Amino acid sequence: MRRAIRTTLLVVAAALLLAAAPPQPKTTLPDVEDEVMCPICGTALNLSGAPQADRERAFIRRQIAAGKTKDEIKDELVAQYGTQVLAEPPKSGFDLTAWLVPGAAILLAAVAIAIGLRRWRRAARDGGGPPPDGGGPPLEPAEAERLDADLARYDL
């Protein structure tokens, strides 16, 4: 009798745990379509109108009907067409450079801008600009007369 009660309690507890588990979200075509590419035209599948893209969509629909997850469908597509079918390159191996190079370039540009601004501010603070009195070499008398005549012509 105790054994039967214990077994019943275990079955009820298991049923409650299964009922309380969140349901797995069902994969949809738009969910997969924007993460894979058409292998023929090289555009995102959701933007492509090529016949190959239609065949790829039909393949994805069949996989969804079979109950496969998005990752399983993408793995199947990679097995058929290679990694170029993915909209995002894998984050491992040589393809990792597609993620690291732009980030490194942005970081390098930010450092160069910071160094340039620092030098520019230091030069302005230390008097690196032209002297306020115009202090270059003195003008020859002929050049000074010509400059005065030009300036007088523009006086209003």
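Quick caveat: nothing in here was measured; it's all calculated off a predicted structure. (Residues numbered from 1 in each chain as written. Predicted model: local features only at pLDDT ≥ 70, side-chain atom pairs only at ≥ 80, totals over all residues. Heavy atoms only, no water.)

Visitor: Just checking my understanding: could you explain the nonpolar core for this structure?
Guide: Side chains of a nonpolar character, in soluble globular proteins, are inclined to be buried together. Judged by nonpolar contacts, the single largest core of 14 residues is most densely connected at Val 36, Leu 45, Ile 60, Ile 73 and Leu 77. Put simply, the parts of the chain that give this core at least two residues each are α2 (29–33), α3 (51–65) and α4 (70–81). Take this core: its biggest share by element is four residues, from α3. (Core = buried A, V, L, I, M, F, W, Y, C linked by side-chain atoms within 4.5 Å. Buried < 20%, exposed > 50% of the residue type's maximum accessible area, 1.4 Å probe, protein only. Helix = DSSP H or I, 4+ residues; strand = E, 2+ residues; numbered from the N terminus.)

Visitor: It is not clear to me how the environment of Glu 72 should be interpreted in this structure. Could you clarify?
Guide: Mapped onto the fold, Glu 72 is located in helix α4. Within polar-contact distance, the side chain of Glu 72 engages the backbone nitrogen of Thr 69 at 3.0 Å. (Polar contact = N/O pair within 3.5 Å; in protein donor to acceptor, adjacent residues only side chain to side chain.)

Visitor: I'm lost on the pattern of salt bridges in this one. Help?
Guide: In total, this model carries seven salt bridges according to the counting rule given. Close ionic contact of Lys 70 with Asp 31 constitutes a salt bridge, the shortest N to O distance being 3.6 Å. Taken together, the positions of Lys 70 in helix α4 and Asp 31 in helix α2 put the pair 39 residues apart, joining distant regions of the chain. We classify Lys 70 as partly exposed; its relative accessible area is 22%. The partner of Arg 57 in a salt bridge is Asp 54, with the nearest N and O atoms 2.6 Å apart. Taken together, the residues span about one helical turn, with Arg 57 and Asp 54 both in helix α3 at a distance of three residues. Arg 57 gets classed as buried once you look at its relative accessible area, which sits at 10%. Here the salt bridges do not stand alone but share partners, grouping Asp 31, Glu 35, Lys 70 and Lys 74 into one network. (Salt bridge = Lys/Arg side-chain N within 4 Å of Asp/Glu carboxyl O.)

Visitor: Any chance you could explain α3 here in plain terms?
Guide: One turn of the α-helix equals 3.6 residues, which is why residues spaced by three or four share an orientation. Here α3 spans 21 Å end to end across 15 residues, near enough to the 21 Å set by a 1.5 Å rise per residue. Residues Gln 52, Ala 53, Glu 56, Arg 57, Phe 59, Ile 60, Gln 63 and Ile 64 constitute the buried set of α3. Looking straight down α3, one finds that the buried residues subtend no more than 160° of arc, so they occupy a single side. Exposed and oriented more than 90 degrees from the buried face of α3 are Pro 51, Arg 55, Arg 62 and Ala 65. Each element contacted by the buried residues of α3 is listed here: α2 and α4. Gly 67 sits one or two positions beyond α3 and adopts a positive phi of about 90°. (Expected span 1.5 Å × (residues − 1). Arc of directions from axis to C-beta. Contact = heavy atoms within 4.5 Å.)

Visitor: What is the right way to read the environment of Thr 43 from this model?
Guide: By secondary structure assignment, the location of Thr 43 is in the loop between α2 and α3. Judged by its relative accessible area of 32%, Thr 43 falls in the partly exposed class. Residues Thr 43 and Ala 87, spaced 44 residues apart in sequence, show a C-alpha to C-alpha distance of 8.5 Å. The residues contacting Thr 43, other than those within four sequence positions of it, are Met 37, Cys 38 and Ser 48.

Such coordinate-based values are descriptive only and should not be taken to indicate function.
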